[in-house]
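Here is what each chain is made of, one letter per residue.
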Amino acid sequence: MPRDVFTPDGARAVTAVAPAKINLHLGVGDARPDGYHDLLTVYRAVDMWERVTVSFVGDGGGASGAAGRGGASGAGARGAGPDDDEITVTGPGAPQVPTDRTNLAARAVDLLREEAGSDARIAIRIHKGVPVAGGMAGGSADAAAALVATDRLLGLGLGRAALEERAARLGSDVPFCVRGGTALGTGRGEELATLLHARAEQHVVVALADDGLSTPRVFAELDRLRAERVEPEGAARAGAARSLPRAGGVEPLVEALAGDDPAAVAALLANDLEPAALSLRPALRKTLRTGQEAGALHGMVSGSGPTCLFFCSDRDHAIAVAAEISESGVAREVRVTRGPVGGAHIVSDDPSG
Ligand code: C5P
């Protein structure tokens, strides 16, 4: 039922952050009729963040705290609505991020604004801290942060479970970016079960590539590679070794995550998308080799790539590995991060914006 929407304390701008994800295990099933793939994954949120600020534009509900709801939301009210919103993107890779309504943060704002029955004009400012098209869910983190911030701005008070449900409509990784921590993901990746016991800190070197990779393209490449390797019947049994390896069960990893042995965890990491990313971007082999030679416990492509991850025993180890990779010049940029960290949350609820 329509009701007035007030921002807490008359606040006019809300800033939220959401973390990047890595997949410690990414098992990809066959393509489904809807074009998606069933996943079995272990997500982990790491200490790299997208920052999204949402604020009312003009009189769209600012100083008075009212966000134009109820009667004002009838036909025609949209004229001053979404299309007029400003979307600005700053930070590394910003020029590659769309600033129209296809932007995932804008889609998150639109979803909640519609739910609130509001026609408020809302400006969206995104600051990138996660590589664009890098296989670390940067766009999904934008959506997650935008959901949390817009929920507060419009005073919806949806709560985490409801926000995760909205998040799943926006993208497979968005619910995890809302939740954070370490979680088992199934379905498209949107069905989550938190792995509460997986608390031991993990240190990871992140090697960023020059250009991004399109996630749908990488999934399609995996389908292509798998189809290519399918043996004719009869030959299949003899030639089973030729088929692309699959990540398999997740239980050993889940068990190892209960302990505090980075090497034991590193030995169980797996990513079914890696052969596809390497097929599309062969230069990543050299990046992986470089990290391995630098002494990382394990190196692998992050999600759909092209970012590469190198798992280390502690922070000093990670810094040493990062320095060597950086020196070699195989990566555009090298960072050291850690996980797990929490999910999307408000960092500023500032009346002055
Ligand atoms: O869910 P999201 O929009 O982030 O997914 C982007 C693309 O990645 C999908 O359009 C699909 O091509 C691919 N994908 C997939 N199976 C999944 C998740 C994503 O094929 N479980």
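Predicted model, so just to flag it, every value in this text is computed and none were measured.

### Structural notes on the nonpolar core
Inference 1: With 101 residues, the main nonpolar core has Ala144, Ala145, Ala146 and Val205 as its most contacted residues.
Inference 2: Ranked by the residues each element gives to this core, the list is headed by strand E2 (residues 37-56), at 11 residues.
Inference 3: Split by domain, the residues of this core number at least three in each of domain 1 (8-66 + 77-195) and domain 2 (202-339).
Inference 4: In contact with alanine 145, other than residues within four places in its own chain, are Ala16, Val17, Ala18, Glu50, Arg51, Val52 and Ala344.

### Concerning the UniProt feature "active site" (unreviewed entry) in the protein
Inference 1: As annotated by UniProt and renumbered to match this structure, "active site" (unreviewed entry) occupies Lys21 and Asp173. Across 153 residues in sequence, these annotated residues keep their C-alpha atoms within 8.4 Å of one another, forming a single compact spot.
Inference 2: Mapped onto the elements of the fold, lysine 21 is located in strand E1 (residues 13-31).
Inference 3: Note on lysine 21: 31 C-beta atoms within 10 Å, which makes it buried.

### Re the sheet that holds strand E10 (residues 308-312)
Inference 1: Spatially, the 4 strands line up as an open sheet ordered E9-E10-E7-E11, and their pairing is antiparallel. The sheet is open, and its two edges are formed by strand E9 (298-301) and strand E11 (333-339), each paired on a single side. Strand after strand, the sheet turns through a mean of 25° between neighbouring axes, direction not considered.
Inference 2: Across 4 bridges, E9 lies against E10 in antiparallel orientation. In the strand pairing of E10, histidine 298 is matched with phenylalanine 311.
Inference 3: Running over the sheet, helix H10 (residues 284-293) touches strand E7 (202-208), E9 and E10 and is turned about 10° from E10.
Inference 4: Packing against the sheet, helix H11 (residues 315-328) makes contact with E7, E10 and E11, and its axis sits at approximately 15° to E7.

### Considering the pairing of E2
Inference 1: Extensive coverage of E2 is indicated by the burial of 17 of its 20 residues.
Inference 2: Bridge analysis of E1 against E2 gives 16 bridges, and the strand direction is antiparallel. Residue pairing for E2: valine 14 is matched across the bridge by valine 54.
Inference 3: Counting the residues that bridge the hairpin from E1 to E2 gives 5 residues, and of these glycine 35 lies at a positive phi of roughly 90°.
Inference 4: Pairing geometry for E2 and strand E4 (residues 122-127), over 6 bridges, is antiparallel. Among the inter-strand pairings, phenylalanine 56 is bridged to a residue of E4, identified as isoleucine 122.

### Points about the domain arrangement of the protein
Inference 1: Once the domains are mapped, the protein shows domain 1 (8-66 + 77-195) and domain 2 (202-339).
Inference 2: Mapped onto the side of domain 1 that touches domain 2, the elements with two or more residues apiece are E1, E2 and strand E5 (182-186).
Inference 3: When grouped by side-chain class, the residues that make up the side of domain 1 that touches domain 2 number 16 nonpolar, 8 polar and 2 charged.

### Details of the UniProt feature "domain: GHMP kinase C-terminal" (unreviewed entry) in the protein
Inference 1: With numbering matched to this structure, UniProt assigns "domain: GHMP kinase C-terminal" (unreviewed entry) to residues 254-329.
Inference 2: As annotated, residues 254-329 has a helix share of 51% and a strand share of 14%, and its two end C-alpha atoms lie 35 Å apart.

### Re the confidence of the model for the protein
Inference 1: The share of residues in the protein with pLDDT of 70 or more is 85%, and the mean pLDDT across the chain is 89.
Inference 2: Contacts of residues 1-9 to residues separated by more than four positions or lying in other chains number 22 contacts, the stretch itself having pLDDT below 50.
Inference 3: As scored by the predictor, the complex reaches a pTM of 0.90 and an ipTM of 0.97.

### Points about the site of the ligand
Inference 1: In the vicinity of the ligand, the residues found are Gly35, Tyr36, His37, Leu39, Gly171, Ser172, Asp173, Arg188, Gly189, Thr215, Pro216 and Phe219.
Inference 2: Of all elements in the fold, only E2 and helix H5 (215-229) reach the threshold of two or more residues within the shell around the ligand.
Inference 3: With 3 residues, the single largest contributor to the shell around the ligand is H5.
Inference 4: Here the residues of the shell around the ligand are counted per class, giving 4 nonpolar, 6 polar and 2 charged.
Inference 5: Both domains that furnish three or more residues to the shell around the ligand are identified here as domain 1 (8-66 + 77-195) and domain 2 (202-339).

### Notes on unusual backbone geometry
Inference 1: With omega at 5°, the peptide bond leading from glycine 305 into proline 306 counts as cis.
Inference 2: With respect to the secondary-structure elements, proline 306 resides in the loop between E9 and E10.
Inference 3: Of note, the amide linkage connecting glycine 339 to proline 340 takes the cis form, showing an omega dihedral of 0°.
Inference 4: Of note, proline 340 is situated in the loop between E11 and strand E12 (345-350).
Inference 5: The backbone of alanine 133 sits at a positive phi, close to 50°, despite the residue not being glycine.

Cut-offs used in this document
- Residues numbered from 1 in each chain as written.
- Predicted model: local features only at pLDDT ≥ 70, side-chain atom pairs only at ≥ 80, totals over all residues.
- Core = buried A, V, L, I, M, F, W, Y, C linked by C-beta atoms within 7 Å.
- Buried ≥ 20, exposed ≤ 12 C-beta atoms within 10 Å, placed from the backbone.
- Helix = DSSP H or I, 4+ residues; strand = E, 2+ residues; numbered from the N terminus.
- Domains from an automatic or database assignment.
- Contact = placed C-beta atoms within 7 Å.
- UniProt positions renumbered as here; feature names shortened; annotations may be inferred.
- Pairing = 2+ DSSP bridges.
- Axes fitted to C-alpha atoms, helices over the stretch in contact; angles between N-to-C directions.
- Nonpolar A, V, L, I, M, F, W, Y, C, P; charged D, E, K, R; others polar.
- pLDDT = per-residue confidence, 0-100.
- Near = placed C-beta within 6 Å.

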